[in-house]
2 protein chains.
Amino acid sequence: MEATARAIHPPPSSHPRPAQAPSSRDAPRSGPRLGSGLDQFEILKRRAADTPGLISFAGGLPAPGEFPRSKLAASFVRALQTPSCPALQYGWPEGDEDLRAWIAGQLRRRGAQVARDDIIVTSGAQQAVSLAAQMIRGSGARIGVDPESYPGALDLFQALGATVIDDGSYVDAYYLMPAVSNPRGRRMSRGHRARVLSSLRPIIEDDAYADLSFDGPAPRPLLADASDRVFHVGTFSKTLCPGLRIGWLVPPRALRADVLQLKQSDDLQAASLPQAILEDYLRNEDFDQRLVRLREFYGRRAARMERALRRHLPGWRFDPPAGGFAIWAEPDAEPNEAFFLAAAIENGIAFDPGSLFRAHGAVSPFAVRLCFSSVARDEDLDEGVRRLARCWAEVA
Amino acid sequence: MEATARAIHPPPSSHPRPAQAPSSRDAPRSGPRLGSGLDQFEILKRRAADTPGLISFAGGLPAPGEFPRSKLAASFVRALQTPSCPALQYGWPEGDEDLRAWIAGQLRRRGAQVARDDIIVTSGAQQAVSLAAQMIRGSGARIGVDPESYPGALDLFQALGATVIDDGSYVDAYYLMPAVSNPRGRRMSRGHRARVLSSLRPIIEDDAYADLSFDGPAPRPLLADASDRVFHVGTFSKTLCPGLRIGWLVPPRALRADVLQLKQSDDLQAASLPQAILEDYLRNEDFDQRLVRLREFYGRRAARMERALRRHLPGWRFDPPAGGFAIWAEPDAEPNEAFFLAAAIENGIAFDPGSLFRAHGAVSPFAVRLCFSSVARDEDLDEGVRRLARCWAEVA
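Nothing here was measured: the structure is a model prediction, and the numbers come from that model. (Residues numbered from 1 in each chain as written. Chains lettered and ligands numbered in written order. Predicted model: local features only at pLDDT ≥ 70, side-chain atom pairs only at ≥ 80, totals over all residues. Heavy atoms only, no water.)

Caption draft 1: Summary view of helix H11 (residues 337-346) of chain A. Residues and elements named next belong to chain A. The buried fraction of H11 is high, at 8 of 10 residues. Within H11, the full set of buried residues consists of Glu337, Ala338, Phe340, Leu341, Ala342, Ala343, Ala344 and Ile345. Against helix H2 (40-49), strand E11 (349-350), strand E12 (352-353), strand E13 (368-371) and helix H12 (379-395) lie the buried residues of H11. Of the residues that open H11, the one with a side-chain oxygen 3.0 Å from the backbone nitrogen of alanine 338 is asparagine 336. Of the residues flanking the end of H11, it is glycine 348, one or two places downstream, whose phi is positive at about 80 degrees. (Buried < 20%, exposed > 50% of the residue type's maximum accessible area, 1.4 Å probe, protein only. Helix = DSSP H or I, 4+ residues; strand = E, 2+ residues; numbered from the N terminus. Contact = heavy atoms within 4.5 Å. Polar contact = N/O pair within 3.5 Å; in protein donor to acceptor, adjacent residues only side chain to side chain.)

Caption draft 2: Representation of the sheet that holds strand E9 (residues 317-318) of chain A within the structure. Residue and element names in this part refer to chain A. Pairing in this open sheet of 4 strands is antiparallel, and the strands run E9-E10-E13-E12 from one edge to the other. At either end of the open sheet lies a strand with only one pairing partner, and these are E9 and E12. The pairing of E9 with strand E10 (residues 326-330) spans 2 bridges and is classified as antiparallel. What sits directly across from arginine 317, in E10, is glutamate 330. (Pairing = 2+ DSSP bridges.)

Caption draft 3: Representation of the pattern of salt bridges within the structure. Throughout the structure, instances matching the rule amount to 60 salt bridges over all chains. Residue arginine 386 of chain B pairs with glutamate 383 of chain B through a salt bridge whose shortest N-O separation is 3.2 Å. You can see arginine 386 of chain B and its partner glutamate 383 of chain B sitting in helix H12 (residues 379-395), 3 residues apart, about one turn around the helix. Overall, arginine 386 of chain B belongs to the partly exposed group, its relative accessible area being 33%. Residues joined in a network through salt bridges with shared partners are Glu148, Arg184, Arg317, Glu330 and Arg358 of chain A. (Salt bridge = Lys/Arg side-chain N within 4 Å of Asp/Glu carboxyl O.)

Caption draft 4: How the structure looks around unusual backbone geometry. Omega for the bond connecting serine 364 of chain A with proline 365 of chain A falls within 30 degrees of zero, at 0 degrees, which places this linkage in the cis form. Even without being a glycine, leucine 200 of chain B presents a positive backbone phi close to 65 degrees. For leucine 200 of chain B, the position within the fold is in the loop between helix H7 (190-198) and strand E6 (203-206). Among the residues examined, leucine 200 of chain B registers a relative accessible area of 61% and is labelled exposed. Here the phi dihedral of arginine 245 of chain B falls at roughly 55 degrees; this positive angle occurs in a residue that is not glycine. Here arginine 245 of chain B shows up in the loop between strand E7 (230-235) and strand E8 (247-250). Overall, the relative accessible area of 5% leaves arginine 245 of chain B in the buried class.

Caption draft 5: Representation of the confidence of the model for chain A. Residues and elements named next belong to chain A. The pLDDT averaged across chain A works out to 89; a share of 90% of its residues lies at or above 70. Confidence drops under pLDDT 50 across residues 1-38; counting only partners more than four residues distant or on other chains, this segment forms 123 contacts. As a predicted assembly, this complex carries a pTM of 0.89 together with an ipTM value of 0.87. (pLDDT = per-residue confidence, 0-100.)

Caption draft 6: Examining the sheet that holds strand E12 (residues 352-353) of chain B more closely. Strand order in the open sheet made by the 4 strands is E9-E10-E13-E12 (chain B), with antiparallel pairing throughout. Edge positions in the open sheet fall to strand E9 (317-318) and E12 of chain B, since each of these has one partner strand only.

Caption draft 7: Structural detail: the packing of aromatic side chains. According to the stated counting rule, one finds 31 aromatic pairs over all chains in the structure shown. Between tryptophan 102 of chain A and phenylalanine 287 of chain A, the aromatic rings sit 5.4 Å apart at their centres with planes inclined by 80 degrees, giving edge-to-face as the arrangement. Taken together, the positions of tryptophan 102 of chain A in helix H4 (residues 97-109) and phenylalanine 287 of chain A in helix H10 (residues 287-312) put the pair 185 residues apart, joining distant regions of the chain. Taking the centre distance of 5.6 Å and the plane angle of 85 degrees together, the rings of tryptophan 328 of chain B and phenylalanine 357 of chain B count as edge-to-face. (Phe/Tyr/Trp six-rings, centres within 6.5 Å; stacked < 30°, edge-to-face > 60°.)

Caption draft 8: Quick peek at the side chain of serine 272 of chain A. Note that serine 272 of chain A resides in helix H9 (residues 272-284). Here the side chain of serine 272 of chain A touches glutamine 89 of chain A through a polar contact of 2.6 Å, landing on its backbone oxygen. When neighbours within four sequence positions are excluded, serine 272 of chain A is seen to be in contact with Pro86, Ala87, Gln89, Tyr90 and Gly91 of chain A together with Gly243 of chain B.

Caption draft 9: Structural view of the environment of valine 77 of chain B. Note that valine 77 of chain B resides in helix H3 (residues 69-79). With 97 residues separating them in the primary sequence, valine 77 of chain B and tyrosine 174 of chain B have C-alpha atoms 42 Å apart.

Caption draft 10: Focus on the packing of helix H3 (residues 69-79) of chain A against H9 of chain A. All names here are of chain A. The contact between H3 and H9 brings their axes to 8 Å, and the two run at 110 degrees. With respect to each other, H3 and H9 are oriented roughly perpendicular. Considering only the axes of H3 and H9, their crossing is right-handed. Mapping the contact onto sequence places Lys71, Leu72, Ser75, Phe76, Arg78 and Ala79 in H3 and Leu273, Ala276, Ile277, Asp280, Tyr281 and Asn284 in H9. (Axes fitted to C-alpha atoms, helices over the stretch in contact; angles between N-to-C directions. Parallel < 35°, antiparallel > 145°, perpendicular 65-115°, else oblique. Left-handed = near helix turned anticlockwise from the far one by under 90°.)

Caption draft 11: The pairing of E13 of chain A, seen in detail. Residues and elements named next belong to chain A. Covered by surrounding structure in E13 are Val368 and Leu370 together with Arg369 and Cys371, the residues of both alternating faces. As judged from the 2 bridges shared by E12 and E13, these two strands associate in the antiparallel manner. Note that in E13 the partner of proline 353 across the bridge is valine 368.

Caption draft 12: Molecular detail of the packing of H11 of chain A against H12 of chain A. Residues and elements named next belong to chain A. Packing of H11 against H12 brings their axes to within 10 Å, and their N-to-C directions diverge by 135 degrees. Between H11 and H12, the angle falls in the class oblique. Between H11 and H12 lies a crossing of right-handed hand. Touching Phe339, Phe340, Ala343 and Ala344 of H11 are Leu388, Cys391, Trp392 and Val395, all from H12. In terms of residue class, the contact of H11 with H12 is built from 8 nonpolar, no polar and no charged. (Nonpolar A, V, L, I, M, F, W, Y, C, P; charged D, E, K, R; others polar.)

Next comes the structure, spelled out in structure tokens:
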């Protein structure tokens, strides 16, 4: 019984969730006291959200200052003006037709041969990964992932009863982020790409950060080279805003009707209102121009955090990320992870502990994910790293 | 393998989906050509949405004229004004705190002892039913339903591998709509309620239409009498608008943490933006007053459709509904169901075929669900029934 399996193996906390800098009064407030199934990191995360003045390097959140608020509001007002008001009504399970056409157009520019009707709009990328995983899992399917990967996917695979493989041994399918990985912010190497493609296995290609490569437009997706076995996943959460909760899935054509049935059983359809707002916004704005600006913005923040780390924590190793929201850093000692995080929060700085990103929760080699994406001001990157360094000096 | 089970048994089309009167140019357009797994009713439904001038009695859609457009727009603009903009950011998996407090308050007024933290905001009622069903199903769990029930739930239970029981024989759990049933629009009898409660079985209580009893406020929910084994499901889709895609689940407290994990694996959280709009709207508007007006509005439409049926189709039997969006009618002959629906669409009138509401797709006794809720004008009810009568005279 699946529910029991989920209950017996409470996965580590998933990301992204807000451990947002609560220096502003409208930051997410503390949630309820949750049951004993909840692990210590969840409790610490909620404590962080309640800590005034805390700087958060946690959560994988985009910068709220980059949300195009007034443009989205204008799109909302326009979307309400059609007489039968589809923005507020039920819609088709596959999603808005024009929105799907726009998504297909973006993928075609990257070399994938996809049509509007290949796209299924989902309730965020998480649902897209969930639908894909439900289609490919058998009993105990072995899903291959990077040694560090997206916790929301790792949790999901384990909840579905799949075996997550992170050591390169035999797998039945892959879950990968080839363009920009999370948490490392790496582009997949040519050799790795060739090996994965020649394996002939099904692949869940999570492209959440693909448009946020610091060196330019998103690369050719795996979808373009193996559309018959790639489940391609995308989202507007990183490039526009997460609050719309709109992602997409391009399943292999042979499975499209089944995926759509599954989607419909899950939640009927992605919300009409965010889709209508998005469709209007994309029709009226230059999204490519927005992406150019965002790449520059996050690239600059990454560089600033790198400088701060080299200065204040010279013993920490990291590779400068090629894109995305975070730096994956490996400190030069191995303190107790939960103890370090709790101490950091007391010192006004939060981060994501490295074990969250590992299928089996390994704490060694000791690592942290530091998100430069969502702090209120660039200067918070320096101050945050200073706090981290002070705290590190105490515990390491 | 679940995906295969779903693929082998394509369920009948689910509701609600728009087979909306496309007299207006912005009605949902035709979707893609779907695979062979799709049944004939899905094709007919999409054809109906493409038929100019068609009057639709299908789909269980609320009246678009009753959507509070300008108030929702005002709420959106206000929700964007807080500095860190939680409306556009990620939020907690359990949902907005103030929204949950509001929902809990409504349930307390109906006699249920629930607190804010008992509520989980979901991506519509469908997801709430899906989460509940995943928690109670064992391999082949027997879920008891009314002889006619909500197709989205029937599809879901079958997809999950449960056995749907509609003949009163032994069950492991129930799925029920005690306040206002769908499709019959009935209040559960006292005797039935007592029997269900004394069974000591888990119950999924789908309260989607509870606020739309024509004779007054929603009744005491089963949740109030068995909170330790009721999964209570609610939604704003019928009383406000479906486009927000916001519902809720009150699971038994002992299972709350597990349900929350499951919710998070599915899609992380319900969309922040619709939650923020709703929270602001409910804080600023008199929702009770709105419900009073809606009960009067739909009650008046029900009475008008009843009169039209008695006049133009005097041989059709039906019980006047006690609430909701539809009349369940049993005509006085048994033509081929798909043929009748296809002919009706050609004659400019659509309805939901009765077999959709039956777990095993039985076409006998022949029945149709006629939604009076979403036609553009009250007069369309008369004209729609006239078209239906003309078509009936041809096929019956």
